[in-house]
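Per-entry structural report
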Amino acid sequence: MQDNLYTYLLMLGDNSMILGHRLSELCGHGPSLETDIALTNMSLDLFGQVRSYFQYAAKVKGDDATEDSIAFLRTERKHLSSLLVEQPNTDFAHVITRQYFFDQYHLLLLEQLCESNDDQINAIAKKSIKEVKYHHRFSKTWMRRLAQGTDVSHQKMQVAVTSLYPYTEELSKANGVEKAMLAEGIGADLDAIKVQYYNELDGLLSDIGLQKPEEGYFYKGGKEGIHTEHFGFILSDFQYMQRTYPDMTW
Amino acid sequence: MEHSIEYLEKQFQDRIDRGENIEAKDWMPEKYRKTHIRQISQHAHSEIVGMLPEGNWISRAPSLRRKVALLAKVQDEAGHGLYLYSAAETLGISRDELFHQLHTGKAKYSSIFNYPAVSWADMGAIGWLVDGAAIINQVMLTRTSYGPYARAMVRICKEESFHQRQGYEIMITLCNGTEEQKEMAQDALNRWWWPSLMMFGPTDAESTHTEQSMKWKIKRKTNDELRQQFIDITIPQAEFLGLTVPDPDLKWNEERGHYDFGEIDWTEFWQVVKGYGPCNKERLKARNKAWDEGAWVREAALAYAEKQSAKKIISKAV
């Protein structure tokens, strides 16, 4: 098995899966019908991407792996999503800020993966980027709208930015697998993405009157499988059926 | 030239009798307008509250394929809510006012959603039975006299019939599965069967709205006719699954050409309608919570839009 490729696919799929899960928790509870539908749509797009990545990962892994065994049967330490995407739906300001922080990265990542010399990743990126352009437009517009709406919305956005900004760096901080995938022409150049990412992010925050935290500290660990305490609860929910009724067809 | 109300009412009834659609700007009796606001908004509220019992299984769906299908289904329900609120708005009431009626408990929604969805098999049973019962009502409504409602229903029916097949397919998979899965499926049928029959409303003898609704072609069949139609269609489907419908009195009546069935527990029906079903309070609480917690978001969006349009006016003036 190509270990690096498999791990890289898990990293790509897990980000979409955990963020998709967080968004799916909001289905039926949005602040308006329109936003409810939009967030569910993004969740659906993300789970569509998960299926593509994990179907491919299952082929790479071989044996009797399936998209579902990969999605549902790993423990916390085997999940490689970034810490940002597991952050809870504290309020709509956190939901939008988490989304924009991820979408900005996701868009830059997919632009590069559209050039990947792995045909499967290349094809998945080309399909996904159309969806992510919409996610990015949606979350960026809402960042502006809420930052510049009312005093209350501005304050809530500031709280969300302060709390979530420290999770952003991990996204574009390359680990060993990502470096190896770049060297093979399969993966993205995260150093290049990092520069563009913070230009965009900091540019937007300053434009809409929000401050990034001054301390400059960042959290990391998710990409190595070391998550926040939220993660176990996500899995106990997500894996409930597969764990309670093992080896059944649904 | 001014016409008397009687004349206008006669003209109106003639149009309906000729099978014409009534449109938003047409003259209509006040009672017709109010009846439609009540019925369309009840229907819209049912879609929105109906998102909750199934929504609570999205995070626990057993496979990626099932998760995506369930998410899409619940999202469709939000979409149906949107069309229906829009159809109700054509009659001169705002969405905010309709929400207020829902949140304060003044407006009703389908009682079926006051029952809890307690196992994955309920996702199958709800799709199969609840959507199945809804379609029987809704196909009739595609030919209802009020144009915006009828047109909304055409699209809704297409999606609902997809949901119904999706639910039945979940049931088939369970019934072809392990003993535990079959038990789960039977248990879901046991719990959802009678509430599904109650979805058609009280018996014709007890129904207060049926007569006028038939005259205005809001309804084209009575509650009892629709209920019988549902039972006749559904029993063979249950037999195909190898499941037992929880009604010892159920049997084919050769003479009538229909299934005979046992007495519905109308005490339970009225209990749930009056707000004392297993989940009435939870459902309203969830809707109120989403609405209240979203207030600052809606206010911010409005304030931002107003600032933007003020900017445009200033830049045009300069």
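Up top is the structure.
Below or above, wherever it landed, is the structure these notes cover. This structure is a prediction, so every number in the text was calculated from the model and none was measured.

**Brief notes about the overall build of chain B**
Along chain B, the regular secondary structure elements total 12 helices and two strands. Ordered by position in the sequence, the α and β elements of chain B form the string α-α-α-α-α-α-α-α-α-β-β-α-α-α. Here chain B has a C-alpha radius of gyration of 22 Å; the compact-globule value for 318 residues is 20 Å, and the two agree. Per-residue burial over chain B gives 54% buried out of 318 residues.

**Quick notes on the packing of aromatic side chains**
Scanning the model with the defined rule gives 28 aromatic pairs over all chains in all. Summarising the aromatic geometry, the rings of F47 of chain A and F238 of chain A are spaced 6.4 Å apart at their centres and angled 15° between planes, so their arrangement reads as stacked. Of this pair, F47 of chain A sits in helix 2 (residues 33-61) while F238 of chain A sits in helix 10 (residues 230-238); the two residues are 191 residues apart in sequence, bridging distant segments of the chain. Accessibility assignment for this pair places F47 of chain A and F238 of chain A in one class, buried. In textbook terms, an aromatic cluster arises when at least three aromatic residues are bridged by ring pairs, as seen for Y100, F101, Y165, Y197, Y198 and F218 of chain A. Taking the ring centre of W57 of chain B as reference, the NZ or CZ of R60 of chain B above it sits at 3.7 Å.

**Notes on the interface of chain B and chain A**
Frequently, the measure chosen for interface size is the accessible area removed from exposure when the parts meet. Listed by partner, the interface residues are 46 residues for chain B and 44 residues for chain A. Roughly 3,900 Å² of surface becomes buried between chain B and chain A when both sides are summed, with 71% attributable to carbon and sulfur atoms. Looking at the side of chain B facing chain A, the largest losses of area belong to L64, W296 and Y304 of chain B, adding up to 20% of the total buried there. Across the chain B-chain A interface, the total number found is one salt bridge. The salt bridge partner of E34 of chain A is R95 of chain B, with a shortest N-O separation of 2.5 Å. Our count for the chain B to chain A interface comes out at 12 residue pairs in polar contact (both at pLDDT 80 or more). Counting only elements with at least two residues in the side of chain B that touches chain A, the list comes to helix 2 (30-55), helix 3 (64-89), helix 4 (95-103), helix 6 (147-175), helix 7 (179-198), helix 11 (280-293) and helix 12 (295-317) of chain B. Looking at the side of chain B that touches chain A element by element, the count peaks at 14 residues for helix 3 of chain B. Classifying every residue of the side of chain B that touches chain A by side-chain character gives 27 nonpolar, nine polar and 10 charged.

**Observations regarding the packing of helix 6 (residues 119-147) of chain A against helix 12 of chain B**
Across the interface, helix 6 of chain A lies against helix 12 of chain B with an axial gap of 8 Å and an inter-helix angle of 90°. With respect to helix 12 of chain B, the element helix 6 of chain A is oriented roughly perpendicular. Only W296, V297, A300, A301 and Y304 of chain B of helix 12 of chain B make contact with helix 6 of chain A, whose side of the interface consists of W142, R144, R145 and L146 of chain A. Split into classes, the residues belonging to the contact of helix 6 of chain A with helix 12 of chain B amount to seven nonpolar, no polar and two charged.

**A few points about the pattern of salt bridges**
Evaluation of the coordinates by the stated rule reveals 26 salt bridges over all chains. Overlapping salt bridges bring together R15, R18, E20 and D26 of chain B as one network.

**Section: the nonpolar core**
Note on soluble globular proteins: their nonpolar side chains tend to be buried together. Counting 177 residues, the largest nonpolar core has W120 and W193 of chain B as its most contacted members. Of all the elements, helix 2 of chain A adds the most residues to this core, at 15 residues. Leaving out residues up to four positions away in the same chain, W193 of chain B has contacts with L129, F230, I231, T234, I235, V245, P246 and D247 of chain B.

Calculation rules
- Residue positions are given per chain, counted from 1 along the sequence in the order it is written.
- Note on labels: chains are lettered from A, ligands numbered from 1, in written order.
- Local features in a predicted model are, by the rule used here, given only for residues with pLDDT of at least 70; side-chain atom pairs are given and counted only at 80 or more, and totals for whole chains, interfaces and linings are based on all residues.
- The side-chain numbers reported here are obtained from all heavy atoms of the structure, hydrogens and water having been left aside.
- Under the DSSP-based scheme used, a helix requires at least four consecutive residues in state H or I and a strand at least two consecutive residues in state E, with every element numbered from the N terminus.
- Values of the radius of gyration come from C-alpha atoms, whereas the globule rule sets the reference at 2.2 Å times the count of residues to the power 0.38.
- Classification of residues uses two cut-offs on accessible area relative to the type maximum, computed with a 1.4 Å probe and protein chains only: under 20% is buried, over 50% is exposed, and between them is partly exposed.
- Stacked, edge-to-face and tilted labels apply to pairs of Phe, Tyr and Trp rings (six-membered ring for Trp) whose centres lie within 6.5 Å, assigned for plane angles under 30 degrees, over 60, and everything in between, in that order.
- Here, a charge over a ring means that NZ of Lys or CZ of Arg falls within 6 Å of the ring centre while also lying within 35 degrees of the ring normal.
- Only heavy atoms matter for contacts: two residues are in contact if any of them lie within 4.5 Å across the pair.
- Using a 1.4 Å probe, buried area is obtained as the accessible area two parts lose upon being combined, added over both of them.
- What counts as a salt bridge is simple: a side-chain nitrogen of Lys or Arg found within 4 Å of a carboxyl oxygen of Asp or Glu.
- For this analysis, a polar contact is any N or O atom pair within 3.5 Å, provided that within protein one partner can donate a hydrogen and the other can accept it, and provided that sequence-adjacent residues contribute only side-chain to side-chain pairs.
- Under this grouping Gly is polar, as are all residues other than the nonpolar Ala, Val, Leu, Ile, Met, Phe, Trp, Tyr, Cys and Pro and the charged Asp, Glu, Lys and Arg.
- Axes, fitted as lines to C-alpha atoms, cover a helix only where it is in contact. Angles between the N-to-C directions of the axes lie from 0 to 180 degrees.
- We call two directions roughly parallel when the angle between them is under 35 degrees, roughly antiparallel when it is over 145, roughly perpendicular when it lies between 65 and 115, and oblique otherwise.
- We call a set of buried Ala, Val, Leu, Ile, Met, Phe, Trp, Tyr and Cys residues a nonpolar core when their side-chain atoms join them within 4.5 Å.

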